[in-house]
Amino acid sequence: MNFFKYQGTGNDFIILDNRNWSYTALTTDRIKFLCDRRFGIGADGLMLLNPHTGYDFEMKYYNSDGRESTMCGNGGRCLVKFAYDLGIKKAQYNFIAIDGPHLAEIDADGTVNLKMKDVLKIDDFHGDLLLDTGSPHYVKMVTDVMELDVFHKGMEIRYSSDFAKDGVNVNFVEQRRPDEIVVRTYERGVEDETLSCGTGVTASALASYHNEVGKNYVKVITKGGKLTVRFNRTADDTYEDVWLCGPAIRVFQGSIDNQPPANS
Ligand SMILES: N[C@H](CCC[C@H](N)C(=O)O)C(=O)O
């Protein structure tokens, strides 16, 4: 099996070119094995680039637990860069994912800009915030975010009775400046802190204290690197024209045996 490894601000992915449908029969166990950082290749998730009528491609995303999941923002950005590296070169990409169509553009400096779905509401949850940016996100504003035990605090919320059934991604956000936040995320389906989470960074930017009605531009610092989120907040508190912008890097390509070793 030939694979490609990409990362977007440290959120890393195995990508398979599935334009000839050769990888469609991957099982949950196989994807989990491929994402395993000891027995397999190692990644936060795996993506298929599928052909799709009317779009440049279709994105299929699987968390490292092997199960198909909802939208992955960093994954979407990496998949656009993968398409470019395959020779699919467009001024503007238009691909389809589980949460609908997405536009994307690659800047001259390599920044990949991904249009995210509109967010029609942000709910209050006992003083924290809940919103869906293509994946479900819990946002808690904190101080000293880098001192936090994100793994245990995140797991506690994710497995609490309110979220245990479907899960939720948990973001801890420190407002450093009116237009700059620091975000750390415990990711559902990885069941650990990732170095960044694109839909989580987007959710955190929309939920952060200082955004105002009209155009906003939020700088987001994560353990894996820097991203920016642009959006228009409407007078009735919906969020549109939302773009997640940042690097997407091809790390290596390789091949892995088709059958995992018997003892894995
Ligand atoms: N773990 C998320 C999906 C991937 C999100 C993240 N990797 C991103 O960049 O948006 C979930 O199951 O909801």
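See the structure printed just above.
Per chain, the residues get numbers from 1 upward, laid out in the order the sequence is written. Since the coordinates come from a predicted model, pLDDT governs what is reported: local features require at least 70, and pairs of side-chain atoms require 80 or more to be given and counted, while whole-chain, interface and lining totals use all residues. For the side-chain quantities, the full set of heavy atoms in the structure was used; hydrogens and water were omitted.

1. Regarding the site of the ligand
- Any residue with at least one heavy atom within 4 Å of a molecule or strand is counted as near it. Taken together, 16 residues lie near the ligand, and Ser69, Asn169, Glu187, Gly198 and Thr199 sit nearest.
- Polar contact is defined as a pair of N or O atoms within 3.5 Å, subject to the rule that within protein one atom must be able to donate a hydrogen and the other to accept it, and that residues adjacent in sequence are counted only when both atoms are side-chain atoms. Taking glycine 198, its main chain carries an N or O atom lying 2.7 Å from an oxygen atom of the ligand.
- Here the ligand loses 100% of its free accessible area of 360 Å² to cover by the protein chains.
- Side-chain classes follow a simple rule in which Ala, Val, Leu, Ile, Met, Phe, Trp, Tyr, Cys and Pro form the nonpolar group, Asp, Glu, Lys and Arg form the charged group, and the remainder, Gly included, forms the polar group. Here the shell around the ligand is composed, by residue class, of four nonpolar, ten polar and two charged.
- What counts as a domain boundary in this text is fixed by an automatic or database domain assignment. Taken together, domain 1 (2-107 + 249-255) and domain 2 (123-246) each give at least three residues to the shell around the ligand, which thus spans both. All accessible areas in this document rest on Shrake-Rupley with a 1.4 Å probe, and a residue is counted as covered only by the protein chains that are shown.

2. Focus: the pairing of strand β5 (residues 93-97)
- Buried residues are those whose accessible area, probed at 1.4 Å on protein chains only, stays under 20% of the maximum for their type, while exposed residues exceed 50% and partly exposed ones sit between those limits. The secondary structure listing takes helices from DSSP runs of H or I that are at least 4 residues long and strands from runs of E that are at least 2 residues long, numbered from the N terminus. Most of β5 sits inside the fold, with four of its five residues counted as buried.
- As judged from the five bridges shared by β5 and strand β6 (residues 100-106), these two strands associate in the antiparallel manner. Opposite phenylalanine 95, over in β6, you have histidine 102 as the bridge partner. A pair of strands counts as paired when DSSP detects no fewer than two bridges linking them.

3. Quick word on helix α4 (residues 198-207)
- Of all ten residues in α4, ten are buried, a share of seventy percent or more.
- Taken residue by residue, α4 has Gly198, Thr199, Gly200, Val201, Thr202, Ala203, Ser204, Ala205, Leu206 and Ala207 as its buried positions.

4. Here's the deal with the environment of aspartate 128
- Relative to the helices and strands, aspartate 128 resides in strand β9 (residues 128-132).
- The spacing of aspartate 128 and tyrosine 138 is ten residues in sequence and 7.3 Å in space, taken between C-alpha atoms.
- Only heavy atoms matter for contacts: two residues are in contact if any of them lie within 4.5 Å across the pair. Setting aside its immediate chain neighbours within four residues, aspartate 128 contacts Asp123, Tyr138, Val139 and Lys140.

5. Observations concerning a nonpolar patch on the surface
- Patch building starts from residues that exceed 30% relative accessible area and form no salt bridge, then joins like charges within 9 Å and nonpolar side chains (Val, Leu, Ile, Met, Phe, Trp, Tyr) within 5 Å. Any Lys or Arg side-chain nitrogen located within 4 Å of an Asp or Glu carboxyl oxygen qualifies as a salt bridge. A contiguous nonpolar surface patch, about 240 Å² in accessible area, is contributed by Ile249, Val251 and Phe252.
- In this fold, valine 251 is placed in strand β17 (residues 249-255).
- Take valine 251: its relative accessible area is 47%, and that puts it in the partly exposed class.

6. A short note on the pattern of salt bridges
- Going through the model one piece at a time under the given rule, you end up with 20 salt bridges.
- Between aspartate 85 and lysine 81 there is a salt bridge whose closest N-O contact spans 2.8 Å. Placement of both aspartate 85 and lysine 81 in helix α2 (residues 73-86) is noted, with a separation of four residues, approximately one turn of the helix.
- Among the charged side chains, a salt-bridge network with shared partners connects Lys5, Asp12, Arg37 and Asp44.

7. Quick notes on the side chain of lysine 5
- Tracing the backbone shows lysine 5 in strand β1 (residues 2-8).
- Owing to a relative accessible area of 8%, lysine 5 belongs among the buried residues under this scheme.
- Of the polar contacts made by the side chain of lysine 5, one reaches the side chain of aspartate 12; its length is 2.8 Å.

8. Considerations on the environment of aspartate 124
- Relative to the helices and strands, aspartate 124 resides in strand β8 (residues 123-125).
- Under the relative-accessibility criterion, aspartate 124 is labelled exposed at 58%.
- Within the structure, aspartate 124 has its side chain in polar contact with the backbone nitrogen of glycine 127 (distance 3.4 Å).

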